[in-house]
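Chain residues, written in single-letter form:
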Amino acid sequence: MTRGGIAEPVPSVSEESRSSQRQKGSVARILNEDTPLTPANKAAKLSSDASEKGDLSMPAKVDMDKIVSLCKRRGLIFPSSEIYGGLASCWDYGPMGVELKRNVKDAWWKAIIHERDDVVGLDTSIMMHPGVWAASGHIDSFTDPLVECKSCHLRWRADTIEGKGCPKCGGELTEPRMFNLMFKTSMGPVEEEASTVYLRPETAQGIFVNFDNVITTSRKKLPLGIAQIGKSFRNEITPGNFIFRTREFEHMELEYFVKPGTDEKWLDYWVKERFDWYAKLGIRKENLRLRQHGKDELAHYARDCYDVEYLFPMGWSELEGIANRGDFDLIQHAKHSGRELSYYDAEAGEKYVPYVIEPSAGVDRSVLAFLIDAYDEEEVEGEKRTLLHLHRSLAPIKVAVLPLSRNEKLTPLAKEVFNKLCPNFVTDYDDSQSIGRRYRRQDEIGTPFCVTIDFESLEDKQVTIRDRDSLAQIRVPIEGLDKILEAKLKGEAFDASPLWATREKK
Ligand code: GAP
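Residues numbered from 1 in each chain as written. Predicted model: local features only at pLDDT ≥ 70, side-chain atom pairs only at ≥ 80, totals over all residues. Heavy atoms only, no water.

Draft legend 1. Quick peek at the site of the ligand. Residues in contact with the ligand amount to 21 residues; listed here are only the nearest, Glu202, Arg234, Thr246, Glu253 and Glu318. The separation between an oxygen atom of the ligand and a polar side-chain atom of histidine 251 is 3.1 Å. Out of a free accessible area of 560 Å², the ligand has 98% covered by protein chains. In the shell around the ligand, the residues fall into five nonpolar, five polar and eleven charged. (Near = heavy atom within 4 Å. Polar contact = N/O pair within 3.5 Å; in protein donor to acceptor, adjacent residues only side chain to side chain. Areas by Shrake-Rupley, 256 points an atom, 1.4 Å probe, with all protein chains shown as cover. Nonpolar A, V, L, I, M, F, W, Y, C, P; charged D, E, K, R; others polar.)

Pasting the structure below:
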């Protein structure tokens, strides 16, 4: 761990080798057979058991190029400022991507805040008083060791390269110098008088500095979590692997404040909760595992830390970190701001500085893992079908209404069906090109259900629902279609009732 303790192993150009060294190694702990079964370790073992059965590599169908190309083709993710040639490591979410990303954030917000009564939300500003970053340690130690090639002038993170020379041209490298990853800008209209401010590199500090505000206004007792989702910025030396590592990204962070002495129990609890969250949303357990940080790798603030890792095409890499930050942050901010940041426990009649358990995830990195895990190619009736088996709650479009053809007799009924559905679900209406092509497009963006209106529908007022995964079809009355779809989107099985005609997948 470099970066002055603000932990994050980096799968960039040389990440693969670095992470495999880590795993062969040494200090970090991939939880296995002998690991005591705390709840956290249990979740890890589940995944490592699967890995040991030999399923250690991603299915051959998935590589990053296919994901990048699907994202471009189907309006999920575009290179930023593409008409100007793009901007390194910056990406724009298109019409489908913005829905997917929003669904990931909503799923997190629901699980972390709405489905519990011990966590509240927050939305703090990106620019904060510079004192915050002095107190948190970011000004002094949010750094990576940077080396530059004397021949081709490419810059590298010193701790991610093997050998002595430049990984690109073999040229001689400069001595490493510490490079601070925070973006600086100035605040105020007159440049000379403007003060330096930073774009936040994590959302966590906005939570710590509002601890007292939230405690006094929410009237909640500890343990209490404060959560937020928002943009963070890091001037990464080696961004890459599509949206895995970028200089602008979104964080989903929870700071869970607990009584000292209960922190280890809560760390176990949150490790398991967070591992299960990915699995519940469809990520295969064999592609997830836990890795405990070695003592030498822990951030300066951390007493213990686990990474949830995902088997990305470039190898096992961090998806989310869950750290026990102890009382480091509240003590630092109290010291630097002069404001007392403690908690009075009325029941126990004692005052203390809470410890903090921090599950910290990246929205974009989660989106990438969900996309990769959902990606599939299969052959149906002699033709290749590419599809995303996205969890229903994550799919950008829930239902597509597809008239068999753009026909003046079919259109009014198809529009009627669309208008009936769209207030309830994100619904797409598509009557361009052949029905086969339209199915293919919906499969590629992971739409769980297509509703087809044909000429019989004009007579019998029934439509066909097609299931993305099984390709089974059921014919149902338009009256009540919304209720049927609602049940299916909540997870009701798509088994064909004997009343309905079905088409088996060949
Ligand atoms: N507050 C603690 C913290 O920020 P971190 O391990 O540096 O911890 C947490 O970041 C998560 O944020 C990572 O697991 C990753 O998902 C995401 N993340 C960090 N840096 C990123 C980057 N440059 N691009 C995309 N996601 C990033």
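So that's the structure; there's more coming.
Draft legend 2. A look at the packing of helix 4 (residues 95–114) against helix 9 (residues 263–280). At their nearest, the axes of helix 4 and helix 9 sit 12 Å apart, and the two run at 145 degrees to each other. Like other packed secondary-structure pairs, helix 4 and helix 9 cross with a definite hand, here right-handed. Of the residues in helix 9, those touching helix 4 at Val104, Ala107, Trp108, Ala111 and Ile112 are Trp270, Arg274 and Trp277. (Axes fitted to C-alpha atoms, helices over the stretch in contact; angles between N-to-C directions. Helix = DSSP H or I, 4+ residues; strand = E, 2+ residues; numbered from the N terminus. Left-handed = near helix turned anticlockwise from the far one by under 90°. Contact = heavy atoms within 4.5 Å.)

Draft legend 3. View of unusual backbone geometry. Omega for the peptide link from leucine 222 to proline 223 comes to 0 degrees, which places this bond in the cis form. Of note, the phi angle at serine 81 is positive, near 45 degrees, even though the residue is not glycine. You can see serine 81 is positioned in the loop between strand 2 (77–79) and strand 3 (91–93). When its relative accessible area of 33% is taken as the criterion, serine 81 is described as partly exposed. (Buried < 20%, exposed > 50% of the residue type's maximum accessible area, 1.4 Å probe, protein only.)

Draft legend 4. Quick peek at the confidence of the model for the chain. Taken residue by residue, the chain gives an average pLDDT of 87. The fraction at 70 or more is 85%. Contacts of residues 1–27 to residues separated by more than four positions or lying in other chains number 84 contacts, the stretch itself having pLDDT below 50. Counting contacts from residues 42–57, a segment whose pLDDT is below 50, to residues more than four positions away or on other chains yields 30 contacts. (pLDDT = per-residue confidence, 0-100.)

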